[in-house]
Amino acid sequence: AKSAAEFVPASQDLARLREAAAGCRGCDLYRDATQTVFGEGTRKARTMMIGEQPGDQEDRRGEPFVGPAGRLLDRALDESGIDREGVYVTNAVKHFKFRRDERGSRRIHKKPGRTEIVACRPWLDAELASVQPDLVILLGATAAQALFGPDFRITERRGEVLELPGDHDAKAVATVHPSSILRSRERDEAYAAFVADLKAAVAVL
Ligand code: SF4
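Every value quoted in this text rests on a predicted model; they were computed, and no experiment measured them.

## Observations regarding the overall build of the chain
Part 1: When helices and strands are counted, the chain shows 8 helices and 7 strands.
Part 2: Taking 205 residues into account, the globule formula puts the C-alpha radius of gyration at 17 Å, and the chain, at 16 Å, falls close to it.
Part 3: Dimensions of the chain, computed from the C-alpha atoms along their principal axes, are close to 45 × 40 × 30 Å.
Part 4: Looking at the chain as a whole, 50% of its 205 residues qualify as buried.

Shown next as structure tokens:
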């Protein structure tokens, strides 16, 4: 199967990893997307947040969580007393997957499949090995399943303090993706529950 593995340098230097990720062709998503959107933050971060994949605005700007979901995340972090500067923020899949609408003008988000999640995983492992966070907050099912496998259910495990599987010595907490709050019909409740999850998660630090 195709994978990012052959593109990942043996380095813990985030700048080097980011540079190499820009040329990744580990799956087909690089073809239609504008650019690789690598994680953002410093190796000193004790918390890592992992989302699904870049959206339309992230794809254009090359930075994670800068669109509507990112603004909601910023507000929630602020309300939870978490400094975003102290958090390393990334995605399970580093290229934007989308389809065009009927007129071909709008790009509509498409959920990444298992193949892409598995293909992109070496970048996530490299980021984890470099940052060595104490806490990993998984935003949504894609991020959670990237690390815990395809059977992981957010609805059943949400908010639970888990041990991150594999070689990474870190706690993990799964919650929803901020974009699901934007789509929710009970937005206020969904938002409050999200903030509560974030607060409970950072309490393990
Ligand atoms: Fe490489 Fe991940 Fe982009 Fe696929 S989505 S090309 S594996 S960086």
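On we go.
## Examining empty space enclosed by the protein
Part 1: Under the definition given, this model contains 1 cavity of 30 Å³ or more.
Part 2: In this structure, the largest cavity encloses a volume near 110 Å³.
Part 3: If you trace the largest cavity, you find 15 residues lining it, with Cys24, Gly26, Cys27, His95 and Cys120 closest to the centre.
Part 4: A per-element tally of the lining of the largest cavity places helix α4 (residues 114-131) first, with 4 residues.
Part 5: Each residue belonging to the lining of the largest cavity can be placed in one class, and the counts come to 10 nonpolar, 3 polar and 2 charged.

## Considerations on the pairing of strand β2 (residues 87-91)
Part 1: Counted residue by residue, β2 has 5 buried out of 5 residues, so it is predominantly covered.
Part 2: Sheet topology places strand β1 (residues 47-51) next to β2; 5 bridges connect them, and they run parallel. The residue bridging Ile50 from the neighbouring strand is Thr90, located in β2.

## So, the pattern of salt bridges
Part 1: If you walk through the whole model with that rule in mind, you get 14 salt bridges.
Part 2: Here Lys94 ties to Glu127 by a salt bridge, and the two come within 2.9 Å at their closest N and O atoms. Taken together, the residues span a long stretch of sequence, with Lys94 in the loop between β2 and β3 (98-100) and Glu127 in helix α4 at a distance of 33 residues. Taken individually, Lys94 and Glu127 each receive the classification buried, so the pair is uniform in this respect.
Part 3: The salt bridge partner of Glu163 is Lys171, with a shortest N-O separation of 2.5 Å.
Part 4: The network of salt bridges with common partners includes Asp56, Asp59, Arg60 and Arg107.

## Concerning the sheet that holds β1
Two orientations exist for strands paired in a sheet by backbone hydrogen bonds: parallel and antiparallel.
Part 1: Taken in spatial order, the 5 strands of this open sheet run β2-β1-β5-β7-β6, and their pairing is mixed. Edge positions in the sheet fall to β2 and β6 (162-163), since each has one partner strand and no second.
Part 2: Strand contacts of α4: β1, β2 and β5 (135-139), with the helix running at about 170° to β2, the strand carrying the most contacts.
Part 3: The sheet strands contacting helix α8 (residues 187-202) are β1, β5 and β7 (171-175), and the helix crosses β5 at an angle near 165°.

## Brief notes about the side chain of His168
Part 1: Checked against the element boundaries, His168 lands in the loop between β6 and β7.
Part 2: What makes His168 buried here is its relative accessible area of 16%.
Part 3: Leaving out residues up to four positions away in the same chain, His168 has contacts with Asp125, Leu128 and Ala129.

## Concerning α8
Part 1: In this model α8 runs 23 Å from its N-terminal to its C-terminal C-alpha over 16 residues, within 8% of the 22 Å that 1.5 Å per residue would give.
Part 2: Residues of α8 that are buried include every one of Tyr191, Phe194, Val195, Asp197, Leu198 and Ala201, and no others. Down the axis of α8, the sector holding all buried residues measures 155°, keeping them to one side. Opposite the buried face of α8, at more than 90 degrees from it, the exposed residues are Asp188 and Glu189.
Part 3: Lining the buried residues of α8 we find β1, α3 (68-79), β5, β7 and α7 (178-183).

## Some points on the site of the ligand
Part 1: In the vicinity of the ligand, the contacting residues are Ala4, Cys24, Gly26, Cys27, Tyr30, Val93, Lys94, His95, Ala119, Cys120 and Trp123.
Part 2: Here the ligand occupies the largest cavity.
Part 3: For the shell around the ligand, the per-class residue count stands at 8 nonpolar, 2 polar and 1 charged.

About the thresholds
- Residues numbered from 1 in each chain as written.
- Predicted model: local features only at pLDDT ≥ 70, side-chain atom pairs only at ≥ 80, totals over all residues.
- Heavy atoms only, no water.
- Helix = DSSP H or I, 4+ residues; strand = E, 2+ residues; numbered from the N terminus.
- Rg over C-alpha atoms; globule rule 2.2 N^0.38 Å.
- Buried < 20%, exposed > 50% of the residue type's maximum accessible area, 1.4 Å probe, protein only.
- 1 Å grid on protein atoms, 1.4 Å probe; cavity = no way out; pocket = protein on both sides within 12 Å on 5 of 7 lines; lining within 4 Å.
- Points joined across faces, edges and corners; volume = space filled by probe spheres on them.
- Nonpolar A, V, L, I, M, F, W, Y, C, P; charged D, E, K, R; others polar.
- Pairing = 2+ DSSP bridges.
- Salt bridge = Lys/Arg side-chain N within 4 Å of Asp/Glu carboxyl O.
- Contact = heavy atoms within 4.5 Å.
- Axes fitted to C-alpha atoms, helices over the stretch in contact; angles between N-to-C directions.
- Expected span 1.5 Å × (residues − 1).
- Arc of directions from axis to C-beta.
- Near = heavy atom within 4 Å.
- Sits in = over half its atoms within 2 Å of the grid points.

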